[in-house]
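Take a look at the letters that make up each chain.
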Amino acid sequence: MDNESREIVRLWRVYRTIHQLCAHRGYLIAQNELDQDLEKFTSLFASHGKVDRNALMFMVQKKDDPADQMLVFFPDETSVGVKTIKKYCELMVAKSVGRGIVIYQDKITPMATKVISEVSHSYHLESFQEADLLVNITEHTLVPEHIVLSPEEKETLLKRYRLKETQLPRIQPSDPIARYYGLARGQVVKIMRPSETSGRYVSYRLCY
């Protein structure tokens with residue numbers, strides 16, 4: 001397999017994982033997009049033997065709130081700079097989209113990272129390296145099922161066990177699972193593990 005063929009396979013895997021991530025976060029993703037095979041991906045985005053990363057960009061909306069939309073970007077550069085991040089921010093403003101994910105090849109420059117931080121009060125822009133999305137970590141046999149609680153479910157949990165949220169075990173926002181689900185500080189995730197005695201062991205963690 002030559003380098004260009006390996007690149008196509010690599011990006012097909014990344015593209016599949018990011019669609020799964022969006023679906024897990026509650027965004028509307030068509031089943032045919034989740035099931036897209038390598039042949040279909042190649043015909044759509046790499047008909048000339050090289051993937052057109054700009055064509056990979058897509059927008060999704062939440063199932064329960066169509067106004068909650070997110071753009072997913074695939075920059076061409078191996079090192080993403082300020083110019084590209086500003087261009088994405090301008091596109092988000094033009095489309096009135098409050099969330100975005102940048103999937104970069106190698107790195108994001110320190111200045112570009114600073115820009116992402118500076119706009120965080122208005123726009124939520126995340127970044128993942130392509131290598132982080134080659135496999136879906138939630139499908140690993142050692143990773144238990146995670147379910148993000150709604151604010152109402154969180155409140156019910158705390159009342160039921162007469163807890164303050166600070167009494168819950170914690171998960172860092174930088175944790176790979178927290179990043180996958182896009183957990184914000186204050187959100188609670190329910191974790192279900194198989195148990196030999198009870199069949200299932202349930203625990204909760206607060207993103208903090």
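Everything numeric in this text was worked out from a predicted model, so none of it was measured.

Attention now moves to the UniProt feature "domain: RNA polymerase subunit H/Rpb5 C-terminal" (unreviewed entry) in the protein chain. Taken from the UniProt record, the annotation "domain: RNA polymerase subunit H/Rpb5 C-terminal" (unreviewed entry) applies to residues 135-207. What you have in residues 135-207 is 23% helix and 32% strand, and the ends, taken at the C-alpha atoms, are 23 Å apart.

Its domain assignment divides the protein chain into domain 1 (3-133) and domain 2 (139-207). Taken together, the contact pairs 8 residues of domain 1 with 5 residues of domain 2. It is H24, R25 and F128 that lose the most area in domain 1 upon contact with domain 2, and together they represent 54% of the buried surface on that side. Counting the contacts that link domain 1 with domain 2 gives 0 salt bridges. Elements that contribute at least two residues to the side of domain 1 that touches domain 2 include exactly helix 1 (3-24) and strand 6 (124-129). Each residue belonging to the side of domain 1 that touches domain 2 can be placed in one class, and the counts come to 2 nonpolar, 3 polar and 3 charged.

What follows deals with the nonpolar core. Counting 33 residues, the largest nonpolar core has I18, F41 and F74 as the members making the most contacts within it. Of all elements in the fold, only helix 1, helix 3 (38-45), strand 1 (58-61), strand 2 (69-73), strand 4 (99-104), helix 7 (176-181) and strand 9 (188-195) reach the threshold of two or more residues within this core. Ranked by residues supplied to this core, first place goes to helix 1 with 8 residues. Of the domains in this structure, domain 1 (3-133) and domain 2 (139-207) are the two that each give at least three residues to this core. With residues near it in sequence (within four places) discarded, F74 still touches V14, Y15, I18, R53, N54, L56, M57, F58, Y88 and I103.

Right, let's get into the pattern of salt bridges. One pass over the structure, following the stated rule, counts 7 salt bridges. Across the pair D68 and R99 runs a salt bridge whose closest N-O atoms are separated by 3.5 Å. Residue D68 is found in the loop between strand 1 and strand 2, and its partner R99 is found in strand 4; the two are separated by 31 residues along the sequence. Taken together, the shared-partner salt bridges connect E7, R10, R53 and E130 into one network.

Each value, and the rule that gives it
Residues numbered from 1 in each chain as written. Predicted model: local features only at pLDDT ≥ 70, side-chain atom pairs only at ≥ 80, totals over all residues. Heavy atoms only, no water. UniProt positions renumbered as here; feature names shortened; annotations may be inferred. Helix = DSSP H or I, 4+ residues; strand = E, 2+ residues; numbered from the N terminus. Domains from an automatic or database assignment. Contact = heavy atoms within 4.5 Å. Buried area = accessible area lost by both parts, 1.4 Å probe. Salt bridge = Lys/Arg side-chain N within 4 Å of Asp/Glu carboxyl O. Nonpolar A, V, L, I, M, F, W, Y, C, P; charged D, E, K, R; others polar. Core = buried A, V, L, I, M, F, W, Y, C linked by side-chain atoms within 4.5 Å. Buried < 20%, exposed > 50% of the residue type's maximum accessible area, 1.4 Å probe, protein only.

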